[in-house]
Amino acid sequence: MQDDTYWNKSAETLTREGIEELQTRLLKSSLGRASRSKFYAERFKTIGLDPELVSSLEDFHRIPFTVKKDLRQSYPYGLLCEPKDRILRMHSSSGTTGQAIAVFYTKADLELWADLLARCMYMAGARPSDTFQNLSGYGLFTGGLGFQYGAERLGMLTIPSGAGNSRRQIQIMRDFSTSVIHIIPSFLLLLMDVLKEMQVDPQKELSLKIAFVGAEPYSQEVRKRLESFYGIKVYNSFGLSEMNGPGVAFECPHQNGMHIWEDAYIVEIIDPETLQTVPDGQYGELVMTTLQREAMPVLRYRTGDLTRILPGECGCGRVHKRIDRIQGRTDDMFIIKGVNIFPMQVEQVLMNIPEVGNNYVILLTKEHDIDNMVVRVEMTDSVFVEDMRVLERVRKRITHDLKNELLVTPRVELVEPNSLPRSEGKATRLIDQRMI
Ligand code: ADP
Ligand code: ZN
């Protein structure tokens, strides 16, 4: 099936007409399957929709959105469409934003998921001759087993090193000449400090070539820092448990937006206020529909993730739509002094300033009924030993650049390298103490 460029040539070289024809066909069967779940059976009945009569992508827009609350309320089995003896696996979202939800997979679902991930990794240049180390939590989190089976499907020697154990991770990379990794951005940033402590030069003493980095938002500036420090290519990897897990959208070698595999998903971007579809190029909330999943089809799911469809064609020739880097989740947005802000805007500013280290936190407090925004920023080692005047100059520059971007003036506090709490899991960038 694969040649030198494509893992799945027939799927990756589909034309726009081919994709639409395929989607219409798959949608019909997906709706039919969905109606076997308690949740969608009730929903279709309420809106008077007969899945048999859906014959175009336009009809599909009559289906109401599915939201996270629906999945939570249907926990554990309300969305299951197959008898339990056909189900092989259960995963669960990591519960970053509240009660967890459960996702189920049949044998065919697991096959498809592994295949989509292999397709993503192959597209970026991973090959069977590579050694792949998965620095991701195993267990309920989809990033562990998802990548494990995807990498094995591709044919790589796959090391399930899991999350944490920074020094041991580096030792494994050295001992086995790891060339491809999967890791979340905050952990890859943290490993920069660990490598410095261990006095290991990643460009000379490691064999890294490619990192698949995702599971939480990070800016283009952080990508650049990671690429130049490690001397590797960092590819953005996107997924969510509700849509299988990782493997939903990945960057190709052009690193300009992530292709969503439209033979497996229908993608829409809506205005989260009006719920209307927005034109390509405009930011909004990502909405996704599974087309091939058996155990648990999910229709028009509001992911809460903010992005846009990049207009135009990708240089790689694949016509599968590309989404831009995720700006954050709708519920990450905070309002201060009447202005809407996303943590990612702060990160973009900070990471463009060379004196700024790799860790920061935004703290929102209330003092005498007035909202206050404090940005605590770690400096690099070299700056922190310099004199106070240098530090004050850096502090002023950060304040000035943040004010320009955010239109409010935060209080900027510079702190020593490695002094902010850090985790080997998803990072907490925002602490809102205003309600306490
Ligand atoms: P949880 O919602 O509990 O974190 P998941 O592990 O399913 O559970 O995480 C999926 C979410 O992680 C996505 O909806 C998105 O918000 C975030 N995410 C995943 N990959 C990326 C990425 N490459 N960039 C930004 N955010 C991402
Ligand atoms: Zn491309």
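S.K.: Just checking my understanding: could you explain the coordination of the zinc ion (ligand 2) for this structure?
M.R.: Reference geometry at the metal: tetrahedral coordination by four donors gives ideal angles of 109.5 degrees; octahedral coordination by six donors gives 90 or 180 degrees. Coordination of the zinc ion (ligand 2) by the protein involves Cys-252 (SG), His-259 (NE2), Cys-314 (SG) and Cys-316 (SG), with metal-donor separations of 2.1 to 2.3 Å. Considering all 4 donor atoms around the zinc ion (ligand 2), angles at the metal cover 101 to 116° and the coordination shape is tetrahedral. Take Cys-252: its relative accessible area is 0%, and that puts it in the buried class.

S.K.: Any chance you could explain empty space enclosed by the protein here in plain terms?
M.R.: Summary: where empty space remains is shown by rolling a probe the size of a single water molecule over the atoms. All chains considered together, the criterion is met by 3 cavities of 30 Å³ or more. By volume, the largest cavity amounts to about 50 Å³. Together, Leu-71, Ser-74, Tyr-75, Pro-76, Gly-78, Leu-79, Ala-102, Phe-104 and Met-296 line the largest cavity. Tallied by class, residues from the lining of the largest cavity come to 7 nonpolar, 2 polar and no charged.

S.K.: I tried to follow the sheet that holds strand β12 (residues 301-307) on my own but got confused; where do I start?
M.R.: Two modes of strand pairing occur in sheets, parallel and antiparallel, and in both the strands are linked by backbone hydrogen bonds. With antiparallel pairing, 4 strands are arranged side by side in an open sheet as β10-β11-β12-β14. Taken across any chain shown, the strands that pair with only one partner, and hence form the sheet edges, are β10 (265-270) and β14 (328-329). Looking at chain direction, β10 and strand β11 (residues 284-290) are connected through 6 bridges and run antiparallel. For Ile-269, the partnering residue across the bridge sits in β11 and is Leu-286.

S.K.: Would you mind going over helix α8 (residues 166-176) with me for this structure?
M.R.: Note on helix geometry: an α-helix contains 3.6 residues per turn, so any two residues three or four positions apart are oriented the same way. Residues of α8 that are buried include every one of Ser-166, Gln-169, Ile-170, Ile-172 and Met-173, and no others. Each buried residue of α8 lies within a common arc of 155° when the element is viewed along its axis, so the set occupies one face. Next to the buried residues of α8 lie β3 (131-134), β4 (157-159), β5 (180-183) and α9 (185-198). A positive phi of about 50° marks Ser-177, the residue just after α8.

S.K.: Just checking my understanding: could you explain the sheet that holds strand β18 (residues 370-379) for this structure?
M.R.: The sheet built from 4 strands is open, its strands ordered β19-β18-β17-β20 with mixed pairing. Of all strands in the sheet, those with a lone pairing partner are β19 (411-415) and β20 (430-432), marking the two edges. Geometrically, the sheet is characterised by an average inter-axis angle of 20° between neighbouring strands, direction not taken into account. As judged from the 9 bridges shared by strand β17 (residues 356-367) and β18, these two strands associate in the antiparallel manner. In the strand pairing of β18, Lys-366 is matched with Asp-371. Contacts from helix α12 (residues 343-350) reach β17 and β18 within the one sheet, and its direction differs from that of β17 by about 135°.

Cut-offs and rules
Residues numbered from 1 in each chain as written. Chains lettered and ligands numbered in written order. Predicted model: local features only at pLDDT ≥ 70, side-chain atom pairs only at ≥ 80, totals over all residues. Heavy atoms only, no water. Donors = N, O, S within 2.8 Å, 3.2 Å for Na, K, Ca; no water. Tetrahedral: all angles 85-135°; square planar, octahedral: opposite > 155°, others 65-115°. Buried < 20%, exposed > 50% of the residue type's maximum accessible area, 1.4 Å probe, protein only. 1 Å grid on protein atoms, 1.4 Å probe; cavity = no way out; pocket = protein on both sides within 12 Å on 5 of 7 lines; lining within 4 Å. Points joined across faces, edges and corners; volume = space filled by probe spheres on them. Nonpolar A, V, L, I, M, F, W, Y, C, P; charged D, E, K, R; others polar. Pairing = 2+ DSSP bridges. Helix = DSSP H or I, 4+ residues; strand = E, 2+ residues; numbered from the N terminus. Arc of directions from axis to C-beta. Contact = heavy atoms within 4.5 Å. Axes fitted to C-alpha atoms, helices over the stretch in contact; angles between N-to-C directions.

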